[in-house]
Amino acid sequence: MKMKRILLTLTALCGLSLGLQAQSQDTNKVQKVTVNIDTTIGNTRVQVIGDATVIEDGTDMLVNPSYQNEKLITSLEQLLTDMGLNLNDKNKASLDSLATILNIPPSVGEAISNPAIQDLITQNNTTKGKKKKHYGFGARSDIDFYWAFNNWGDKQYNGLLGTEGASAINTSFSSYQLAWNYAIVMVPHWQLKVGLGYESDIYKFQQPEVHLLSTGFALPTDPAIGLTAYNASATKLVTRYVTLPVTIAYRSRDWGRRFTCAVAAIPGLTLSGKHSGMKYQLDNNNKRVESVSQYMNPFKCDLRLEVGLRKRALFVQVPLMPVFDDVIAEKYYPIKLGFKF
């Protein structure tokens, strides 16, 4: 039974070769496939690996069944030559003893319907992208830079509307993110990426001097608060995070003008230090910084949608959690709209 299966496989290869010769002039339908046959005859392992040409008929890759030439192929080397395959000397020496097996006139019609030929064509057709591609570290990793306009609102979906009173900020181009990503799953169209990133957000208040208290934002001119004014000319809140983005990305097969679309969940941890907090611009270019770490939410989680071409994209990022912890009754949800470079 084993020898019969081997004979059928080699006979099918013969039929494929004949069909290939018959259609060598049909340039409008010619397609390339990869041949990879690995079998054993006795104690000899036979491998046939290389590229062959077949004819496209509709949506299936077939050898043209109308060609019925009964040409006798007298050696495996001739078959491999006809198929355009290259073998090293060691393989050629081991294959010489198989020439007599090929002294059987092949029936092209039977060879076409042989399951081995059908599997060979459908599974190894490189023109239809079915050959598994290996992606190295460089192809799987990338560095993304995001720059965006930002503002906040009292709900997750109305950040661009802003707020009123002491908490009102200007919509400004003052949010940026830098992330390194690695695709743990990668196929021609899809990627599942995990990353490590850094995010900095600057919120510029409309009022020249604003203070953050446990009751929320307040102006020094409010007599009920009793704050001592710094006489600041500008106030901004700076927040910084370390993030762990998880991204599902799609890309088209057109590598020249590649369309991309991605959705990411971005959890993160708040960083508190001398470069974050409430920053005041005072007279004579002096500055004052007040820590707000006691009010900050220690965690964050955003959702981001981006659409673009190649490495450039537009994105919108919305929050699932407010900026400040529950110690502040008012909730502020930032939103970002910008560009990926």
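Numbering of residues starts from 1 in each chain and follows the order in which that chain's sequence is written. Reporting in this predicted model follows two pLDDT cut-offs: at least 70 for local features of residues, and 80 or more for side-chain atom pairs to be given and counted; totals over whole chains, interfaces and linings ignore these cut-offs and use all residues. The basis for every side-chain value is the complete set of non-hydrogen atoms in the structure, without hydrogens or water.

Draft legend 1. Summary view of the confidence of the model for the chain. The pLDDT score gives, residue by residue, the confidence of the prediction method on a 0 to 100 scale. Summing up the model confidence of the chain, the mean pLDDT is 74 and the portion of residues at 70 or higher is 60%. By the convention used here, residues are in contact when the closest approach between their heavy atoms is within 4.5 Å. Considering only residues more than four positions removed or in separate chains, one finds that residues 83–87, a stretch of pLDDT under 50, has 18 contacts. When the criterion is pLDDT under 50, residues 123–130 qualifies, and its contacts beyond four places in sequence or with other chains add up to 20 contacts.

Draft legend 2. How the structure looks around the nonpolar core. Counting residues in hydrophobic clusters, the biggest one holds 21 residues, and the most contacted among them are Trp 152, Phe 205, Leu 212, Phe 217, Leu 237, Met 278 and Phe 324. Secondary structure elements are taken from DSSP: a helix is a run of H or I of four residues or more, a strand is a run of E of two residues or more, and numbering for both begins at the N terminus. Those elements giving two or more residues to this core turn out to be strand E7 (190–205), strand E10 (234–243) and strand E13 (277–281). Aside from chain neighbours lying at most four places away, what touches Phe 217 is Trp 152, Ala 166, Ser 167, Phe 205, Val 210, His 211, Leu 212, Met 278, Phe 324 and Tyr 332. Residues belong to one nonpolar core when they are buried, are Ala, Val, Leu, Ile, Met, Phe, Trp, Tyr or Cys, and are joined through side-chain atoms within 4.5 Å. Classification of residues uses two cut-offs on accessible area relative to the type maximum, computed with a 1.4 Å probe and protein chains only: under 20% is buried, over 50% is exposed, and between them is partly exposed.

Draft legend 3. Here's a closer look at the environment of Leu 309. The topology assignment puts Leu 309 in strand E15 (residues 299–309). The class for Leu 309 is exposed, based on a relative accessible area of 52%. C-alpha separation for the pair Leu 309 and Ser 252, spaced 57 residues apart in sequence, amounts to 9.6 Å.

Draft legend 4. Molecular detail of the pattern of salt bridges. Only one rule defines a salt bridge in this text: a Lys or Arg side-chain nitrogen within 4 Å of an Asp or Glu carboxyl oxygen. Per the counting criterion, the structure on display carries eleven salt bridges. In this structure, Lys 193 engages Asp 142 in a salt bridge whose closest nitrogen and oxygen atoms are separated by 3.3 Å. With Lys 193 in strand E7 and Asp 142 in strand E4 (residues 141–153), this residue pair connects regions lying 51 residues apart in the sequence. For the pair shown, Lys 193 and Asp 142 are each scored as buried. Residues joined in a network through salt bridges with shared partners are Glu 199, Asp 201, Lys 300, Asp 302 and Lys 336.

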